[in-house]
Amino acid sequence: MNKTVKSVLFGIGAAVIIALIVFFGYLGFKGEKTLDRMTLSYTDEVTMKDGALEAVHSGVEFKNEDATKCRMNVKWGNGDDNVSFITMIKIIAPSGKVDAWVTGDWGDCEMEFDLSEKGTYKICNEYFATAEEFDAACKALDPDSVTENDTFDYNGKDGNWNMKVDISIVTSK
């Protein structure tokens, strides 16, 4: 190889390396920065007796010091439980405002939402034994939400259930 070809190849290589450094440096300043990762779980005891629903609520909390975004995976129940109720899991900001929520008789859901406040967030469940109660709760959180009352089969079966909720959280800025 002659000297000119070596110089050109060296120049191209140096330009590519500088471009990569600038590009990844830009992403480092503009991309999301992961602030915290956590795994939480809790179990509620739910009882249905003669159509009346009773629950011993537990829930969990997590502290947000500086994050603005949250990615959360929430798992509860399974399709084999045949529960007599619908579960609503709420993520409540320090001010009491509900930042995010998810519902179902069981679920494995991935959510992404903004963390509107700094402080201690609370995650808790509510349970509904009738489609009307469930519809009212959804509309209270989001007036534009649409629920289809006839798709929920509340059989009113008496029983006791341990509703375990597993949560993994990644907060970022």
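Values in this document were obtained by computation on a predicted structure and should not be read as measured data.

Peer 1: Talk me through the overall build of the chain; I want residue IDs and the actual numbers.
Peer 2: Counting its regular elements, the chain contains two helices and nine strands. Put simply, the chain runs from its N terminus to its C terminus through helices and strands in the order α-β-β-β-β-β-β-β-β-α-β. Of all 173 residues assigned to the chain, the portion counted as buried reaches 34%. A separation threshold of at least 6 residues defines the contact pool for the chain, and within that pool the share at least 24 residues apart is 76%. Total accessible area on the chain is roughly 10700 Å²; 53% of this is exposed by carbon and sulfur atoms.

Peer 1: Report on helix α2 (residues 131–141), specifying residues and quantitative values.
Peer 2: Residues of α2 that are buried: Ala131, Phe134, Asp135, Ala137 and Cys138. Projection of α2 onto a plane perpendicular to its axis shows the buried side chains occupying an angular sector of 165 degrees, all on one side. With respect to the buried face of α2, the exposed residues turned more than 90 degrees away are Glu132 and Ala140. Summarising the contacts, the buried residues of α2 are in contact with β5 (86–92), β6 (98–104) and β8 (119–128).

Peer 1: Could you give an account of the packing of aromatic side chains, naming the residues involved and the relevant values?
Peer 2: All chains considered together, the criterion is met by four aromatic pairs. Judged by centre distance (5.4 Å) and plane angle (90 degrees), the rings of Phe85 and Tyr127 are edge-to-face. With Phe85 in the loop between β4 (69–76) and β5 and Tyr127 in strand β8, this residue pair connects regions lying 42 residues apart in the sequence. Judged by centre distance (6.0 Å) and plane angle (65 degrees), the ring pair of Phe128 and Phe134 falls under edge-to-face. For Phe128, a relative accessible area of 8% translates into the label buried. Note on Phe134: relative accessible area 2%, which makes it buried. By the ring-pair criterion, three or more aromatic residues cluster together here, those being Phe85, Tyr127 and Trp161.

Peer 1: Give me the nonpolar core: which residues, what numbers.
Peer 2: For soluble globular proteins, the rule of thumb is that nonpolar side chains tend to be buried together. Judged by nonpolar contacts, the single largest core of 31 residues is most densely connected at Phe62, Met72, Ile91, Ile123, Ile167 and Ile169. Only β1 (34–49), β3 (60–64), β4, β5, β6, β7 (107–114), β8 and β9 (159–172) provide two or more residues apiece to this core. Once residues within four sequence positions are removed from consideration, Ile91 is found in contact with Phe62, Met72, Lys97, Val98, Asp99, Ala100, Met111, Phe113, Tyr121, Lys122 and Ile123. Core analysis: the next-biggest nonpolar cluster, separate from the first, contains six residues, Met88, Phe128, Ala137 and Cys138 among them.

Conventions we followed
Residues numbered from 1 in each chain as written. Predicted model: local features only at pLDDT ≥ 70, side-chain atom pairs only at ≥ 80, totals over all residues. Heavy atoms only, no water. Helix = DSSP H or I, 4+ residues; strand = E, 2+ residues; numbered from the N terminus. Buried < 20%, exposed > 50% of the residue type's maximum accessible area, 1.4 Å probe, protein only. Contact = heavy atoms within 4.5 Å. Areas by Shrake-Rupley, 256 points an atom, 1.4 Å probe, with all protein chains shown as cover. Arc of directions from axis to C-beta. Phe/Tyr/Trp six-rings, centres within 6.5 Å; stacked < 30°, edge-to-face > 60°. Core = buried A, V, L, I, M, F, W, Y, C linked by side-chain atoms within 4.5 Å.

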